[in-house]
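Report on the structure
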Amino acid sequence: MEPYETNQLAKIVMRCGKLLLMSGGDIISTQESMKRVCLSRKGTSKPECVLTPTTMIFSFKTKDQIVTRACEITKVSNDLVRIARIHDFVNHCEAMNMEQMESALDSIEQETTHPRWIRILASGFCSAGFGLFFGDPIDLPFIFLIGLGAGWILTNQGNRILLIIAASFFVTVCPILLEHLVHIQLSIETTVVSNMPLMVPGMVIFNAIRDTLAGKYQAGLNRTAEACLIAAAIATGTGLALGALVL
Amino acid sequence: MIILVLKALGAGIACAMCSIRFNGRGKDIVVAGFIGFMAALGMGFFEGLYTRAFVSGLIYSILSEIFARIEKKPVAVYLPAVLVPFVPGKLTFYMMGEFVHGDRLAAMDRLSEIMCVCGLIALAILLTQTTLRFLSKMIHRPEEDPFL
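Residues numbered from 1 in each chain as written. Chains lettered and ligands numbered in written order. Predicted model: local features only at pLDDT ≥ 70, side-chain atom pairs only at ≥ 80, totals over all residues.

Details of the overall build of chain A
Note the cut-off: Secondary structure elements follow DSSP: runs of H or I no shorter than four residues count as helices, runs of E no shorter than two count as strands, and numbering proceeds from the N terminus. All radius of gyration figures rest on C-alpha atoms, and the globule criterion is 2.2 Å times the number of residues raised to 0.38. Counts of 20 or more other C-beta atoms within 10 Å of a residue's own C-beta define buried residues, counts of 12 or fewer define exposed ones, and intermediate counts define partly exposed ones; C-beta atoms are placed from the backbone. Placing a C-beta atom from the backbone of each residue, one calls two residues in contact when those atoms lie within 7 Å.
Of the regular secondary structure elements, chain A holds 10 helices and three strands. In chain A, the order of α-helices and β-strands from amino to carboxyl end is α-α-β-β-β-α-α-α-α-α-α-α-α. The C-alpha radius of gyration computed for chain A amounts to 22 Å, which surpasses the reference 18 Å derived for 247 residues by more than 25%, pointing to a less compact arrangement than a globule. Viewed in the frame of its principal axes, chain A has a C-alpha envelope of about 75 × 30 × 30 Å. Counting all 247 residues of chain A, 46% fall into the buried class. Sequence-distant contacts in chain A: of pairs separated by 6 or more residues, those separated by 24 or more amount to 63%.

The following block contains the structure:
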């Protein structure tokens, strides 16, 4: 393998891993994907991968050198489409040349997310679905509207924890104010609880379980700490709203 | 039964919408909704907080694995979106209420309940994934002795 090819391959492997981790992928899948992409080229051997949710170090051996790359993960989001497309890319990378691999990664990177208004609307319908699930079909319009508000808060740019505290404060305080100030008869409990799951970190919990199960305890603990922090943020927002109303 | 189906429908809608919020597309959204519907329907036939949590966990993790294999997609496309409705939000709300009103004993009791439910959900997912991994190893590498 020529030196420029080695560099190109290292770049592709790192991009693949980085995209997967940034889209909310778990450590073990990312590790396997990177090794698989690396070994898809002839002349490469002994791929070694050290991953945490925020750091990537990858090394592999060619005929006359050992190539090592490191990278930092700065932003993590939830993107199921990217995860599915990277999975597809990894499964078909053996049939591709380097240029095709790069253009496939470019296309995955350029994958757009749903527009903000769709995500806000989905939050509203999601809350309404929870309202139905928790057995409160009468209050669905209010649950839907509060869900829209929470969706709007959560889709803003800013510190994630602060946004979650603000959203959980909003979903707790709204039904109480509606009942006490506007005198609308609401089941406060169900209305609040129906909007709570919008803030639940599903992807983080899933990754924590999966990484721990795969023996990646460091990453598993990291994700568990993140999930606990988010849960504490939800509880803080709710507690603040309830405490303010008690006072 | 109608109420049960209605509740399951609600869970299905919630799961599908969660999938959209996680940037899911097309068929993935429908599948997530279907898995949520089936899990909520299945757990409706059981009594008790812990049993229901465990049964729902088993149903959605098994269905997610099945659909991931049918659609040739990673299980991460379905499971995170389906997981959300089944986490104990109601208990968290009660716990915070009890903390705010100064009833710490009741709040700690509620916290232990929450931890148990979360543990059972994790156990269900863990059991499913371990069993499937073991089975797929046996199917793909029959020449290897699984006990060695």
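A few points about the UniProt feature "domain: Threonine/Serine exporter ThrE" (unreviewed entry) in chain B
As a reminder of what qualifies: UniProt positions are given in the numbering used here, feature names are shortened, and annotations may be inferred rather than shown by experiment.
Feature annotation in UniProt places "domain: Threonine/Serine exporter ThrE" (unreviewed entry) on residues 9–129 of chain B, given in this structure's numbering. Between the first and last C-alpha atoms of residues 9–129 of chain B the distance is 26 Å; the span itself is 79% helix and 0% strand.

Quick look at helix α9 (residues 202–213) of chain A
All names here are of chain A. Stated formally: To estimate how far a helix should reach, multiply one less than its number of residues by 1.5 Å.
Here α9 is 12 residues long and its end C-alpha atoms lie 17 Å apart, about the 16 Å a rise of 1.5 Å per residue gives. Counting buried residues in α9 gives 10 out of 12 residues, a clear majority hidden from the surface. Looking at α9, one finds that the buried residues are G202, M203, V204, I205, F206, N207, A208, I209, R210 and D211. One or two residues past the end of α9 sits G215, with phi positive at roughly 85 degrees.

Let's talk about the sheet that holds strand β3 (residues 66–72) of chain A
Residue and element names in this part refer to chain A. Operational definition: Strands qualify as paired when DSSP identifies two bridges or more between them. A fitted line through C-alpha atoms serves as each axis, taken over the contacting stretch for helices, and the angle formed by two N-to-C directions is quoted from 0 to 180°.
Strand order across the open sheet formed by three strands is β1-β2-β3, with antiparallel pairing between neighbours. On the outer flanks of this sheet lie β1 (45–52) and β3, each paired with one strand and no other. When strand polarity is set aside, the average angle formed by the axes of neighbouring strands in this sheet is 10 degrees. Note that strand β2 (residues 55–61) and β3 share seven bridges and pair antiparallel. Bridge assignment links I57 to a residue of β3, and that residue is A70. Against the sheet, helix α1 (residues 3–22) engages β2 and β3, with an angle of about 150 degrees to β2. Those strands touched by helix α2 (residues 27–39) are β1 and β2, and its axis lies near 155 degrees from that of β1.

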